[in-house]
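# Structure at a glance
Chain by chain, the residues run as shown.
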Amino acid sequence: MTPEEVLRRLDAPLSLRRRLGYAAVGLAGLVGAGLVVLLWATEPGLPPRTAAAFAVLAAIGAGWAGVAAWVLTRRTPLFARDRVVTAWAGVVAWAVFTLGASAIALARHEVRPVPVVLVLVLGAVAAVNLVAARRARAALLERKARLGGESLPREGEVD
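Just so we're clear, the structure is a prediction, and the values are computed from it rather than from any experiment. (Residues numbered from 1 in each chain as written. Predicted model: local features only at pLDDT ≥ 70, side-chain atom pairs only at ≥ 80, totals over all residues. Heavy atoms only, no water.)

Next up on the list: the overall build of the protein. From N to C terminus, the protein includes 5 helices and 0 strands. Scanning the protein from its N terminus toward the C terminus, one meets helices and strands in the order α-α-α-α-α. In the protein, which comprises 159 residues, the share counted as buried stands at 23%. The contacts of the protein with a sequence gap of at least 6 include a subset with a gap of at least 24, amounting to 69%. Split by element, the accessible area of the protein, about 10700 Å² in all, is 68% carbon and sulfur. (Helix = DSSP H or I, 4+ residues; strand = E, 2+ residues; numbered from the N terminus. Buried < 20%, exposed > 50% of the residue type's maximum accessible area, 1.4 Å probe, protein only. Contact = heavy atoms within 4.5 Å. Areas by Shrake-Rupley, 256 points an atom, 1.4 Å probe, with all protein chains shown as cover.)

Below is the structure:
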């Protein structure tokens, strides 16, 4: 492949498979948030802890729907920016869940090893996914810069 062909491939929009995947994630987040809000609205006498949990679940679902909408509405090449954003969304969702579950477990004095290990494994998976997404984006930007002779954006700079 010539450098021009590689650059054209780098500038291509998301593949149909990835677009369908993001559409499924967005739909799942929207449906999940809608069902939680509907359940929350039809149960007026819920304890405050349960209402808080419902609010967090609805926010996480709406967040995933928002991420999917952002990715699907981009008309420019993302250079794996979508992967970094979704990886950060996963880390944030994990952190919110972990903080809430930890607060409830500590308030009840019921800290058990199996759920703790499961939460730590999920956190490790989220962190590994974030590192991999950032590396993939950096590799694509490096490749684009080498092929096109452009300067690379500095760390934290939006290209």
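There's more to say after this.
Before going further, it helps to spend a moment on the UniProt feature "transmembrane region" (unreviewed entry) in the protein. Taken from the UniProt record, the annotation "transmembrane region" (unreviewed entry) applies to residues 20–40, 52–72, 84–107 and 113–133. Along residues 52–72, the helical share is 100% and the strand share 0%, with 30 Å between the first and last C-alpha atoms. The distance from the first to the last C-alpha atom of residues 113–133 is 30 Å, and the span holds 100% helix and 0% strand. (UniProt positions renumbered as here; feature names shortened; annotations may be inferred.)

All right, on to the pattern of salt bridges then. Counted under the stated rule, the structure contains 2 salt bridges. The shortest N-O distance in the salt bridge between Arg 18 and Asp 82 comes to 2.3 Å. Within this pair, whereas Arg 18 is found in helix 2 (residues 16–42), its partner Asp 82 is found in helix 4 (residues 81–108), the two being separated by 64 residues in sequence. Judged by its relative accessible area of 22%, Arg 18 is partly exposed. Using a relative accessible area of 1% as the deciding quantity, one classes Asp 82 as buried. (Salt bridge = Lys/Arg side-chain N within 4 Å of Asp/Glu carboxyl O.)

A separate point is helix 2. For helix 2, spanning 27 residues, the distance from its first C-alpha to its last is 38 Å, which sits close to the expected 39 Å at 1.5 Å a residue. Buried residues along helix 2 sit against helix 3 (48–73) and helix 4. (Expected span 1.5 Å × (residues − 1).)

Turning next to helix 3. Between its first and last C-alpha, helix 3 extends 37 Å over 26 residues, near the 38 Å set by a 1.5 Å rise per residue. Residues of helix 3 that are buried include every one of Ala 51, Phe 54, Ala 58, Gly 61, Ala 65, Val 67, Ala 68 and Val 71, and no others. Residues of helix 3 that are buried make contact with helix 2 and helix 4.

Glycine aside, the phi torsion of most residues is negative, and most peptide linkages are trans. One non-glycine residue with positive phi stands out, namely His 109, at about 55°. Residue placement: His 109 occurs in the loop between helix 4 and helix 5 (113–148). On the basis of relative accessible area, His 109 is assigned to the exposed category, the value being 72%.

Counting residues in each nonpolar core, the largest one holds 6 residues, listed as Val 84, Ala 87, Val 91, Ala 126, Leu 130 and Ala 133. For this core, the secondary structure elements donating two or more residues are helix 4 and helix 5. Beyond its immediate stretch of four places on either side in the chain, Ala 87 contacts Asn 129, Leu 130 and Ala 133. (Core = buried A, V, L, I, M, F, W, Y, C linked by side-chain atoms within 4.5 Å.)

Take the environment of Leu 122 next. Along the chain, Leu 122 falls in helix 5. Spatially, the C-alpha atoms of Leu 122 and Gly 90 are 9.7 Å apart, while their sequence positions differ by 32 residues.

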